[in-house]
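# Observations on the model geometry
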Amino acid sequence: MKRILKFLIVCSVFTGCSTEYVVKPPEVVNKYDATKPQALTGFTPSNGGYLDNFVLFGNFGPDKTKMQVFFSNREAKIISSDGVSILAIVPKLEDGQHVVRVLVDGVELTCADMFGYTQVARITTEAGVHSGSNDFIDGTISQARFGRPIGIAVIADDNLLVVETHDQRIALVSFTGNQVTRLYNGMHFTKPAVNKARDEAYVIRLLPNTGSVFKMRRVNNWILENVRGNTAELAAGEQWACALDDSEKYLYVRNHASGFYRICLEEFDENGVPKVETLLTGNEMPIITGGTMNSLVWCPKAKCFYNSMWAACQIWKIWEENGVWKCEEYAGSVGGDADGQRLTEARFRNPHGMCVDGDGNLYVADANNHKIKRIDYLTGMVTTAAGSVRSDRTNWIEVDGPPLEATFDVPHCLAMDSEGNIWIANGEGRTIRKLSIE
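Residues numbered from 1 in each chain as written. Predicted model: local features only at pLDDT ≥ 70, side-chain atom pairs only at ≥ 80, totals over all residues. Heavy atoms only, no water.

### Quick word on the confidence of the model for the protein
Overall, the predicted model of the protein reaches an average pLDDT of 90, with 92% of residues at or above 70. Every residue in residues 1-21 is under pLDDT 50, and counting partners more than four places away or in other chains gives 35 contacts. (pLDDT = per-residue confidence, 0-100. Contact = heavy atoms within 4.5 Å.)

Now the structure itself:
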């Protein structure tokens, strides 16, 4: 079923000794009956998966451009329509039953039937080899080796920036070019913050604590460009991640020792240096003790940041309300490994990197549980999205396959690509893994 039908009519016109080939689409005869009410009467198949062909039947109208097809709230791509049938492609959905709707010039059409979606997910190792060596090796995707990947970000063409904070490296993983290339050596960096166009990234130098901010641009071959150095507000502690919000006018940073800040990318002081604003101090949000590692991610749907705290085994929510910045505990309370309601039941063991999908669901690298956890945006329920319990790490072997059968070795960071797949910087595993969700 996973195919797009293509129709071509090739006409040959012979003039003297020359031959011209004219390619035309078929003429579609519209069968819409204007004397009858618009209706959705049924569809086929009744169940399926991502990218399957899907045909709806009814009486829709004469103009395909005024038609939309939805599975629950997810819009499908329409391929063609003859007025009484629509050929569409099933989008990515959650497991289970979905209401099918057709909108024709704003008028909603439904029927009693439901579409059953079967979600297929798999963990694969995309680069690196699970080993005890911190040696980094450039080369093709299959040849490349990593030290300890701590940060990961998806950039243009769904390629990757991989940060090895402890090993002081940034690498470019180009799947389009089949190459892993070392970009920088000798500095500790945070997880990158990437803009929506995926052609710019920001990193902060973690150690020594200078708070130096750098930009990397695709147009400039991802060369480090200094944005601001010696940021006093960031020098008293460590920040392991930075993030952009929807406006992309500010770079937000959580300093583990002193609070929450933003660097103004479009506002400068009298010396031409980007301004820094203190949004929350250490008196207004918890100081991270017992371990400095933390991460930060923006959720467009909830209009807030989520901040993971490694040592506290918690995730906090940070948001602005009527010009006032606020924070509160969002998930977890004490260390452990438990699914359930995010505040009262869920337990994490050293949560670190995070990513958010288009529906606002939060995915968390639960590092020392060796799992990927998912927090549902609507229900607040925490479930294990990938990873199985391994108590014996003496002869640890990483396993690919179905998500709940796969094994990880201290996954540190997550990033989501344009197709909704989740990329995993598998720290102690020295590998880059992918959770493909279809």
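### A word on the side chain of Asp 376
Take Asp 376: it is sitting in the loop between β31 (371-375) and β32 (381-386). Looking at Asp 376, its side chain comes within polar contact range of the side chain of Arg 374, at 3.3 Å. Within the local environment of Asp 376, its side chain forms a polar contact with the backbone nitrogen of Thr 379, the two atoms lying 2.8 Å apart. Those residues in contact with Asp 376 that sit more than four places away from it in its chain are Asn 361 and Met 381. (Helix = DSSP H or I, 4+ residues; strand = E, 2+ residues; numbered from the N terminus. Polar contact = N/O pair within 3.5 Å; in protein donor to acceptor, adjacent residues only side chain to side chain.)

### Here we look at the layout of surface pockets
The computed volume of the second largest pocket comes to approximately 370 Å³. Every residue lining the second largest pocket is counted, 14 residues in all, and those nearest its centre are Asn 73, Arg 74, Glu 94, Asp 359 and Leu 378. A class-by-class count of the residues in the lining of the second largest pocket yields four nonpolar, four polar and six charged. (1 Å grid on protein atoms, 1.4 Å probe; cavity = no way out; pocket = protein on both sides within 12 Å on 5 of 7 lines; lining within 4 Å. Points joined across faces, edges and corners; volume = space filled by probe spheres on them. Nonpolar A, V, L, I, M, F, W, Y, C, P; charged D, E, K, R; others polar.)

### Brief notes about the sheet that holds strand β11 (residues 121-128)
The four strands are arranged β11-β35-β34-β33 in an open sheet whose pairing can be described as antiparallel. The open sheet is flanked by β11 and β33 (411-416), the only strands paired with a single partner. Averaged over all adjacent pairs, the angle separating strand axes in this sheet is 25°, with direction ignored. The pairing of strand β34 (residues 422-426) with strand β35 (residues 431-437) spans five bridges and is classified as antiparallel. Residue pairing across strands places Ile 422 opposite Leu 435, the latter belonging to β35. (Pairing = 2+ DSSP bridges. Axes fitted to C-alpha atoms, helices over the stretch in contact; angles between N-to-C directions.)

### Some points on the environment of Glu 200
Note that Glu 200 resides in strand β17 (residues 200-204). The spacing of Glu 200 and Met 216 is 16 residues in sequence and 5.7 Å in space, taken between C-alpha atoms. When residues no more than four places from it in sequence are discounted, the contact partners of Glu 200 are Ala 193, Val 194, Asn 195, Lys 215, Met 216, Arg 217 and Trp 222.

### Some remarks on the nonpolar core
Ranked by internal contacts, the top residues of the largest apolar core, which has 22 residues, are Leu 56, Phe 60, Phe 71 and Val 102. Among the elements of the structure, β3 (39-44), β5 (53-59), β6 (67-71), β7 (74-81), β8 (85-89), β9 (96-104) and β10 (107-117) are those that each provide at least two residues to this core. The contacts of Phe 71, once residues within four sequence positions are left out, are Phe 54, Ala 76, Val 90, Pro 91, Leu 93, His 98, Val 99, Val 100 and Phe 115. Listed in part, the 18 residues of the second largest apolar core include Phe 260, Cys 264, Leu 279 and Cys 327. (Core = buried A, V, L, I, M, F, W, Y, C linked by side-chain atoms within 4.5 Å. Buried < 20%, exposed > 50% of the residue type's maximum accessible area, 1.4 Å probe, protein only.)

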